[in-house]
Amino acid sequence: MDISTTTDVPPPASRPTVAERKRAARGATRPGDRIFLGLSRGSGILLLAVMAAIAVFLTYRAALAISKDHGNFLTTFEWNTNILEPKFGIAVLAFGTIVSSVIAMVIAVPVAVAIALFITHYAPRRMSGPVAYVIDLLAAVPSIVYGLWGALVLVPNMNGLFGWLNDFFGWSGVFSWDEGAPRSMLTVGVLLAIMILPIITNVSREVFRQVPQMHEEAALALGATRWEVIRMSVLPFGRSGVISASMLGLGRALGETMAVATVLSPSFDIQASLLNPGGGTFAQNIASKFSEANEFGRDALIASGLVLFVITLLVNGAARLIIARRAEYSGANA
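Residues numbered from 1 in each chain as written. Predicted model: local features only at pLDDT ≥ 70, side-chain atom pairs only at ≥ 80, totals over all residues. Heavy atoms only, no water.

- Per an unreviewed UniProt entry, the protein chain carries the name Phosphate transport system permease protein and comes from Streptomyces bangladeshensis.
- What UniProt states about the protein chain under its Sequence similarities (unreviewed entry) heading is, verbatim, "Belongs to the binding-protein-dependent transport system permease family. CysTW subfamily." (UniProt positions renumbered as here; feature names shortened; annotations may be inferred.)

Structural data, given as structure tokens:
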């Protein structure tokens, strides 16, 4: 006689579909649910409306300026808006903004991730709290304070680093130095790295704290070392969060104004070397020229602001694509 046993296994829990969420939203009958639904929906619509209004304003004012530009807006190495035949372009500004931000990211991201891992997985409890508190304080320091510190402390102490780079890597041209004042793109990049370090560290720290304890315990049970636990469990889970944190830091680096204006010696030329003074950024140029510009000059500055706005949107869009492609390998679906 065949004896068969059956076991009722409950189906795995699945996330609600879009249609189910819509039905649940329509089924909200309590006054509190309806109010919250209306406020949430209105906030989202308001945000889109504000973004659209900013884009329309920038585009309209930029079109007025570009239509009267006697140079090429994308390639001209000049910014003269107060003459009869105005001539201005963003080539130097775009180059300086991108280069200084890339330098800041190259320096800040590895250091920030290392600090976040130290706080969450290496430091004893009595040490991790004070270190996290100091990092939080750094995020609250105003930009002008960073700028003053950079001008009075960082710039005078960059001579040794610049001399070392010139001695060993000056042959490349990128690190050649004519022994001028170290108010260059590399100095700006170092200062921006210090400024964005707390943002990336704090977000990465919170992401690493959300790693399921079972993942780490399973790796330890298989004989993994602490670094192997971090490499196999923590970093894959927090990859999308680290990317998001990096994009937040990059957004601040792209738009930083006062600190860059205080440290950089701007000029409308592109230096092959990162150590020699020169170059400029969108935000620095707007801050330094806006007060003395006429109406047309302000429109030209707004046109450069539109380019920075577009760059920021492209960067955030690229980050979203990266996160979406890697979501299946991270903790997003855990």
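Back to the text.
**Digging into the overall build of the protein chain**
Argument step 1. The number of helices and strands found in the protein chain is 12 helices and 2 strands.
Argument step 2. Counted from the first residue to the last, the protein chain has its helices and strands arranged as α-α-β-β-α-α-α-α-α-α-α-α-α-α.
Argument step 3. Out of the 334 residues in the protein chain, the part that is buried amounts to 39%.
Argument step 4. Restricting the contact set of the protein chain to residue pairs at least 6 apart, pairs at least 24 apart contribute 73%.
Argument step 5. Carbon and sulfur atoms form 65% of the exposed surface of the protein chain, whose accessible area is close to 19,300 Å². (Helix = DSSP H or I, 4+ residues; strand = E, 2+ residues; numbered from the N terminus. Buried < 20%, exposed > 50% of the residue type's maximum accessible area, 1.4 Å probe, protein only. Contact = heavy atoms within 4.5 Å. Areas by Shrake-Rupley, 256 points an atom, 1.4 Å probe, with all protein chains shown as cover.)

**Here we look at the packing of helix 3 (residues 91-122) against helix 9 (residues 226-255)**
Angle between the axes and distance between the axes: these two values describe a pair of packed helices.
Argument step 1. Direction vectors running N to C along helix 3 and helix 9 enclose 140 degrees, while the axes themselves pass 9 Å from each other. Taken together, helix 3 and helix 9 sit at an angle that is classed as oblique. Read as a crossing pair, helix 3 and helix 9 show a hand that is right-handed. From helix 3, T97, S101, M105, V109, V113, L117, H121 and Y122 reach across to helix 9, where they touch R226, W227, I230, V234, L235, V242, S246, G249, L250, A253 and L254.
Argument step 2. Residue composition of the contact of helix 3 with helix 9, by class: 13 nonpolar, 5 polar and 1 charged. (Axes fitted to C-alpha atoms, helices over the stretch in contact; angles between N-to-C directions. Parallel < 35°, antiparallel > 145°, perpendicular 65-115°, else oblique. Left-handed = near helix turned anticlockwise from the far one by under 90°. Nonpolar A, V, L, I, M, F, W, Y, C, P; charged D, E, K, R; others polar.)

**Topic: helix 3**
Argument step 1. Between its terminal C-alpha atoms helix 3 stretches 45 Å, which fits the 46 Å expected from 32 residues at 1.5 Å a residue.
Argument step 2. At A108, helix 3 shows its maximal kink, close to 25 degrees; a proline, P110, follows between one and four residues later. (Expected span 1.5 Å × (residues − 1). Bend = angle between axes of the 7 residues up to and from the residue.)

**Regarding a nonpolar patch on the surface**
Argument step 1. Together, I144, V145, L148, W149, L152, V153 and M258 make up an exposed nonpolar region whose accessible area comes to about 620 Å².
Argument step 2. The greatest single-element share of the nonpolar patch, amounting to 6 residues, is contributed by helix 5 (residues 143-154).
Argument step 3. Residue classification places I144 among the partly exposed residues on the basis of a relative accessible area of 39%. (Patch = residues over 30% accessible without salt bridge, like charges linked within 9 Å, V, L, I, M, F, W, Y side chains within 5 Å. Salt bridge = Lys/Arg side-chain N within 4 Å of Asp/Glu carboxyl O.)

**Focus on the packing of aromatic side chains**
Argument step 1. Applying the stated criterion to the full structure yields 8 aromatic pairs.
Argument step 2. Centroid distance W164 to F168: 5.4 Å. Interplanar angle 45 degrees. Geometry classified as tilted. Of this pair, W164 and F168 both sit in helix 6 (residues 159-169), 4 residues apart, roughly one helical turn.
Argument step 3. On the basis of an interplanar angle of 65 degrees and a centroid distance of 5.6 Å, the ring pair of W164 and F169 is categorised as edge-to-face.
Argument step 4. Residue classification places F169 among the partly exposed residues on the basis of a relative accessible area of 34%.
Argument step 5. Following the ring pairs from residue to residue traces out a cluster consisting of F73, W79, F88, F268 and F296. (Phe/Tyr/Trp six-rings, centres within 6.5 Å; stacked < 30°, edge-to-face > 60°.)

**Side note on unusual backbone geometry**
Argument step 1. Positive phi, close to 65 degrees, is recorded for E179, a residue that is not glycine.
Argument step 2. When you line up the elements, E179 lands in the loop between helix 6 and helix 7 (185-209).

**Brief notes about the environment of I243**
Argument step 1. Relative to the elements of secondary structure, I243 occurs in helix 9.
Argument step 2. Residues I243 and R320, 77 residues apart in the sequence, show an inter-C-alpha distance of 9.0 Å.

**Points about the packing of helix 3 against helix 7**
Argument step 1. Two numbers describe how helix 3 lies on helix 7: the axes approach to 6 Å, and their chain directions differ by 35 degrees. Handedness of the crossing formed by helix 3 with helix 7: right-handed.
Argument step 2. Of the residues belonging to the contact of helix 3 with helix 7, the class tally is 23 nonpolar, 7 polar and 2 charged.

**A short note on the UniProt feature "transmembrane region" (unreviewed entry) in the protein chain**
Argument step 1. Residues annotated in UniProt with the feature "transmembrane region" (unreviewed entry) correspond here to residues 44-68, 88-119, 131-155, 185-204 and 300-323.
Argument step 2. Between the C-alpha atoms that bound residues 44-68 there is a distance of 37 Å. The span itself is 92% helix and 0% strand.
Argument step 3. Strand forms 0% of residues 185-204 and helix 100%; the C-alpha atoms that close the span are 27 Å apart.

**What about the pattern of salt bridges?**
Argument step 1. Taken as a whole and assessed by the stated rule, the structure comprises 5 salt bridges.
Argument step 2. Taking the shortest distance from any N to any O, the salt bridge between R61 and D299 comes out at 2.5 Å. With R61 in helix 2 (residues 31-66) and D299 in helix 12 (residues 295-326), the pair connects residues that are 238 residues apart, well separated along the chain.
Argument step 3. Between R252 and E256 there is a salt bridge, with the nearest N and O atoms lying 3.6 Å from each other.
Argument step 4. Under the relative-accessibility criterion, E256 is labelled buried at 6%.

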